[in-house]
Amino acid sequence: MTATLNLAPNLDAPDAFYEALIEAHRDLTPEQSHRLNARLILLLANQVGDLAVLREALAQARAGLAAA
Amino acid sequence: MSAASADLMEPDYQRLDFAYRRSRDQDAPEPPRHPVVIAGAGPVGLAAAIDLAQRGIPVVLLDDDNRLSTGSRAICFAKRTLEIFDRLGLGELVAAKGVRWNLGKVFLRDALLYQFDLLPEPAHHRPAFVNIQQYYVEGYLAERALALRGLDLRWSNRVIGLEQAGDGVLLAVETPEGSYRLRADWVIAADGGRSPIRAMMGLESKGRVFRDRFLIADVRMAADFPAERWFWFDPPFHPGQSVLLHRQPDNVWRIDFQLGWDADPALETAPERVLPRIRALLGQDARFELEWVSIYTFACRRMEHFRHGRVLFAGDAAHGVSPFGARGANSGVQDADNLAWKLAAVLRGEAPEALLDSYAAEREAAADENLLNSTRATDFITPKSEISRLFRDAVLDLAREAPFARALVNSGRLSTPTVLRDSALNTPDADGFEGSMVPGAPATDAPIRIDGAPGWLLEQIGQGFTLLCFGVPPDAVPEEARTLLVDPAGAVPEGVIAIEDSEGLLARRYDARPGTGYLLRPDQHVCARWRAPCLAGIRHAMATALGWEMAS
Ligand SMILES: Cc1cc2nc3c(=O)[nH]c(=O)nc-3n(C[C@H](O)[C@H](O)[C@H](O)COP(=O)(O)OP(=O)(O)OC[C@H]3O[C@@H](n4cnc5c(N)ncnc54)[C@H](O)[C@@H]3O)c2cc1C
């Protein structure tokens, strides 16, 4: 079975995660926030590991822009 | 310092002139016909010409110039290239003169980020790389070419016209004494990145041009940096850009400074601009001489098809990459290696013309692999957009603290030979195998003993097909192949060469058991393998590798 991107709820504590995400950016300039995001994406990508899943996530993220 | 004082016998290849000599062809009433004419005596044209001549095919090799490569071009020559040069009779010369290295180090600012070993496994004849100036390589090739019978090397002969007519090609050639015409059954266009032949035929090499400029400075100095590839991102002595340092023979060091697109080439090559950059790296009181300075830009591109009728494109004429990864000359020499035996087989009537389509298909796929690696490295070193730079910098940043990010740092993925996995010349595996010696892979080397003396497997591979058997030979031995039998279990059949797997590495590298057999093409690529080969199967695989399946 090949792994696929999980779009179903998977976060332990959604509200707490969201709060932590916003908190991580507190007092940062937009430029610093961009850098933080880039680092974060790389860290999380390594955690996921599977290229097929990462490609799906990239496609999903980008497709959302077209729809907006 | 007296230049090259140690090698008294060695000519100064940078200044060597090769005399133009009038050919009898220039006085012929009708254009004389030759089986193969090669345009361009760069590393690729020279390698192809030597290979063909060694196979008994007469070759005319034309070059518009009468000198070797000037100044700084290729310096990193890969293991596979040395192995091909071994077959062409100059591997030892290049390996002995070159600076051997296996280790690369990547620095961020003033700290070592990580290092990589390109040949982590011992017991190979040739190192991962040697560094040697391109003019030495071309000089050795030219000397080998001039010593071969049947190889007619004509300096100061410029191809100025080309026309395909039915079963041949008509060429117009310009010399210091006027022009003349030649006919060829086949033409190899190895006339470099600007390929006049490509233009004459209305063809293009398409791809991407990168908006960046690099300054090359070759300096002569006595320094004790180790023989390693050192690459810096954003070093204190050249902030915001990258720098590459490489050792070459004769105490010459290659320093490559990234300058950015806005740099003015005329300004940047002036000594008053170059010297401070070098001093910033080497120290203010460093003593050195400038050998060569130039600015280069590059493109990643290739021709759509490498075969156009009777004209075969090879080397930079067919494809171009950025220097990061040292894939230009190295892949071009592999083109020559792939083409020469096929052209010889077609000319001798042993293979259908379709075999030459496999040259195009195999080397186009190889070019794609090289372009992919080269483009990825270039995107990392020269980010094209703000977001691309943001991620690049984030990777570098993280690489200091998190090991995973080091694998993302790309300062050039260095040339390795292409595995021709999808080639129509391969016989797909019917038996189970582990390891890397899949059909399409170039045969890996291993230490052996033959007649009691130590040697290397690749030295024992013939000019034609080679059958490499382990322990027991097949039911019958094909006389069309050179058969090697590793550690014979019983009597050695007539015509078979016994070798000893002295360190047990040969069997390990080929995942061999008693009975295993590998069929190697004349360019040393695996084309079939079996756990228990039989003569009929071997013959069928040989016919497949000669293109008879493609033709039918
Ligand atoms: C800065 C730099 C660094 C590099 N570093 C490396 C490296 O480390 N490793 C590596 O593998 N590669 C490297 N390369 C690439 C390498 O130099 C080329 O890939 C290689 O020279 C290509 O060989 P070639 O024979 O295809 O073409 P060329 O070397 O360009 O030879 C073509 C020949 O054809 C001749 N010619 C042209 N037109 C005609 C005509 N009309 N008639 C007859 N003859 C003609 C030319 O005079 C020339 O002799 C580097 C390149 C550069 C610029």
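The present account deals with the structure reproduced in this document. (Residues numbered from 1 in each chain as written. Chains lettered and ligands numbered in written order. Predicted model: local features only at pLDDT ≥ 70, side-chain atom pairs only at ≥ 80, totals over all residues. Heavy atoms only, no water.)

**What about the overall build of chain B?**
The following threshold applies: Each helix is a run of DSSP H or I of at least 4 residues and each strand a run of E of at least 2, with the numbering of both proceeding from the N terminus. To get the radius of gyration, use the C-alpha atoms; to get the globule rule, take the number of residues to the power 0.38 and multiply by 2.2 Å. Per-residue accessibility, obtained with a 1.4 Å probe over protein chains only, is compared with the maximum for each type, and a residue is labelled buried under 20%, exposed over 50%, and partly exposed between these values. Every residue pair with non-hydrogen atoms within 4.5 Å of one another is taken to be in contact.
Within chain B one finds 14 helices and 28 strands. The C-alpha atoms of chain B give 24 Å as radius of gyration, which agrees with the globular expectation for 552 residues (24 Å, within 12%). If one aligns the C-alpha atoms of chain B with their principal axes, the spans along those axes are about 70 × 65 × 50 Å. Looking at chain B as a whole, 58% of its 552 residues qualify as buried. Relative to all contacts within chain B whose residues are 6 or more apart in sequence, the contacts with residues 24 or more apart total 70%.

**Description of the site of the ligand**
All names here are of chain B. Threshold: One heavy atom within 4 Å of a molecule or strand makes the whole residue count as near it. By the criterion applied in these results, polar contacts are pairs of N or O atoms within 3.5 Å in which, for protein atoms, one can donate a hydrogen and the other can accept it, and in which residues neighboring in sequence qualify only through two side-chain atoms. Surface exposure here means Shrake-Rupley accessible area, sampled with a 1.4 Å probe, where a residue is shielded only by the protein chains that are shown. Note on residue categories: nonpolar means Ala, Val, Leu, Ile, Met, Phe, Trp, Tyr, Cys or Pro, charged means Asp, Glu, Lys or Arg, and polar means any other residue, Gly included.
Close to the ligand lie 29 residues; Asp 63, Asp 64, Gln 134, Asp 316 and Asn 330 are nearest. Asp 316 places a polar side-chain atom, nitrogen or oxygen, 2.8 Å from an oxygen atom of the ligand. The protein chains hide 87% of the 990 Å² of surface that the ligand would expose on its own. Among the elements of the structure, helix H1 (43-54), strand E9 (158-165) and helix H8 (328-347) are those that each provide at least two residues to the shell around the ligand. It is H8 that provides the largest number of residues to the shell around the ligand, a total of three residues. Here the residues of the shell around the ligand sort into 15 nonpolar, eight polar and six charged.

**Thoughts on the pairing of strand E6 (residues 111-117) of chain B**
Residue and element names in this part refer to chain B. We count it as follows: The rule for pairing is simple: two strands pair if DSSP sees at least two bridges between them.
Of the pairings in the sheet, the one linking strand E5 (residues 103-108) to E6 comprises six bridges and is antiparallel in character. Within the sheet, the bridge partner assigned to Gly 104 lies in E6 and is Phe 116. Two successive antiparallel strands, E5 and E6, enclose a turn made up of two residues, where Arg 109 displays a positive phi of approximately 50°.

**Considering helix H2 (residues 30-48) of chain A**
Test applied: A helix is expected to reach a length of 1.5 Å times the quantity of its residues less one.
For H2(A), with 19 residues, the first-to-last C-alpha span of 26 Å sits near the 27 Å given by 1.5 Å per residue. Looking at H2(A), one finds that the buried residues are A:Ser33, A:Ala38 and A:Leu42. Buried residues in H2(A) make contact with helix H10 (386-401) and helix H11 (403-406) of chain B. A positive backbone phi angle near 80° is found at A:Gly49, which sits one or two residues after H2(A).

**A closer look at the sheet that holds E5(B)**
Residue and element names in this part refer to chain B. Here is the rule we go by: Each axis is a line fitted through C-alpha atoms, taken for helices only over the stretch in contact, and angles between the N-to-C directions span 0 to 180 degrees.
Read from one edge of the open sheet, seven strands run E6-E5-E14-E15-E16-E13-E17, paired in mixed fashion. Edge positions in the sheet fall to E6 and strand E17 (289-296), since each of these pairs with one other strand and no more. Taken over all neighbouring pairs, the strand axes of this sheet differ in orientation by 15° on average, direction set aside. Pairing of strand E14 (residues 229-233) with strand E15 (residues 242-248), which is carried by four bridges, proceeds in the antiparallel orientation.

**A closer look at the interface of chain A and chain B**
Definition in use: When two components associate, each loses some accessible surface as probed by a 1.4 Å sphere; the sum of these losses over both components is called the buried area. The rule for a salt bridge is simple: a side-chain nitrogen of Lys or Arg has to be within 4 Å of a carboxyl oxygen of Asp or Glu.
Opposite the eight residues of chain A that make contact, chain B presents nine residues. Together, the buried faces of chain A and chain B total about 840 Å²; carbon and sulfur atoms form 76% of this surface. Connecting chain A to chain B are two salt bridges. Of the charged contacts in the structure, one is a salt bridge between A:Arg39 and B:Asp397, with a shortest N-O distance of 3.0 Å. For the pair chain A and chain B, the number of links is two residue pairs in polar contact (both at pLDDT 80 or more). A per-class count over the side of chain A that touches chain B returns four nonpolar, two polar and two charged.

**Here we look at unusual backbone geometry**
Residues and elements named next belong to chain B. Within the chain, Ala 123 stands out as a residue other than glycine whose phi angle is a positive 65°. By secondary structure assignment, the location of Ala 123 is in the loop between E6 and strand E7 (129-131). Overall, Ala 123 belongs to the partly exposed group, its relative accessible area being 23%. One non-glycine residue, Asn 251, adopts positive backbone phi at about 60°. Along the chain, the position of Asn 251 falls in the loop between E15 and strand E16 (252-258). Exposure remark for Asn 251: the relative accessible area of 29% places this residue in the partly exposed category.

**With respect to the pattern of salt bridges**
All names here are of chain B. Taken as a whole and judged by the stated rule, the model has 48 salt bridges over all chains. In this structure, Glu 291 and Arg 220 form a salt bridge, with 2.9 Å as the shortest nitrogen-oxygen distance. With Glu 291 in strand E17 and Arg 220 in strand E13 (residues 214-220), the pair connects residues that are 71 residues apart, well separated along the chain. Taking the relative accessible area as the measure of exposure, Glu 291 reaches 28% and is therefore partly exposed. As a salt-bridge pair, Arg 348 and Glu 350 come within 3.1 Å of each other at their nearest N and O atoms. Salt bridges linked by common partners bring Asp 51, Arg 55, Lys 79, Arg 80, Glu 83, Arg 87 and Asp 337 together as one network.

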